[in-house]
Amino acid sequence: MHTTDDRDRPMAQIRAGMRVVDQSGDDVGTVKLVRMGDPQAVTTEGQGGGGGLAETLAGVIGGTEPDVPAQFAAQLLRSGYLKIDCSGVLAGDAYVPADEVATVRDDIVHLSSDSDSLIQES
């Protein structure tokens, strides 16, 4: 049986600036941000505060993370995620859920998915 701690172990080894490769070993980019998961995280819709104009503006101005559509944000907040500064064709920032981190070896983050499955920043 896996506990949250077991799933977070590879994530605990990751830090900003580490190289990220996909399951084929192709370079994806470098880690920009690491966030551990919170299985109890509320969704981004209809939970907590009133969701009024002030909160919406604060989110836009403050650049809340993860900067993705709500259905992806809820998943990423629960599972944990990496924000990646992508290189090459994927130029820009993208996110990958923690459960797609296969291993961390020699300061390289190895994903269990292809780079085309990354969630692009909004």
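Think of each chain on its own: its residues are numbered from 1, step by step along the sequence as written. Local features in a predicted model are, by the rule used here, given only for residues with pLDDT of at least 70; side-chain atom pairs are given and counted only at 80 or more, and totals for whole chains, interfaces and linings are based on all residues. Excluding hydrogens and water, the side-chain values take into account all heavy atoms of the structure.

Q: Sorry if this is basic, but what is going on with the environment of Gln 40 here?
A: The topology assignment puts Gln 40 in the loop between β2 (27-36) and α2 (53-62). Considering only alpha carbons, one finds Gln 40 and Ser 79, 39 residues apart in sequence, at a separation of 9.8 Å. Counting from the N terminus, the helices are DSSP H or I runs at least four residues long and the strands are E runs at least two residues long.

Q: Could you clarify how one ought to interpret the pairing of strand β3 (residues 80-86) in this entry?
A: Side chains on a regular strand alternate between the two faces of the sheet. Burial analysis of β3 places six of its seven residues in the buried class, which makes it a mostly covered element. A pair of strands is considered paired only if DSSP assigns at least 2 bridges between the two. In this sheet, β3 lies alongside β2 in antiparallel orientation, the contact comprising seven bridges. Bridged to Gly 29 within β3 is Cys 86. Bridge analysis of β3 against strand β4 (residues 92-97) gives six bridges, and the strand direction is antiparallel. Paired with Tyr 81 across the strands is Pro 97, a residue of β4. A 1.4 Å probe rolled over the protein chains alone gives each residue an accessible area, and that area as a share of the maximum for its type sets the label: buried under 20%, exposed over 50%, partly exposed in between.

Q: In this structure, what is going on with the confidence of the model for the protein? I would like to understand it.
A: Segments scoring low in pLDDT should not have their predicted coordinates read at a detailed level. Along the chain, pLDDT gives the predictor's confidence residue by residue, from 0 to 100. A residue-level look at the protein finds 72% of positions with pLDDT of 70 or above and a mean pLDDT of 80. The contact rule is simple, with two residues in contact once any of their heavy atoms fall within 4.5 Å. With pLDDT under 50 throughout, residues 44-62 is counted as low confidence; its partners more than four residues away or in other chains account for 11 contacts.

Q: Sorry, what's going on with the sheet that holds β3 here?
A: Sheet strands pair by backbone hydrogen bonding; their relative direction is either parallel or antiparallel. Pairing is mixed across the open sheet formed by seven strands, whose spatial order is β5-β6-β1-β2-β3-β4-β7. The strands lining the two open edges of the sheet, one partner per strand, are β5 (101-105) and β7 (119-120). Inspection of the sheet shows β4 paired to β7 by two bridges, in the antiparallel sense. When the sheet's bridge partners are listed, Tyr 95 is paired in β7 with Ile 119. To define axes, lines are fitted to C-alpha atoms, for helices over the stretch in contact only, and angles between the resulting N-to-C directions are given on a 0 to 180 degree scale. Along the sheet, helix α3 (residues 70-79) makes contact with β3, β4 and β7, crossing β3 at roughly 115°.

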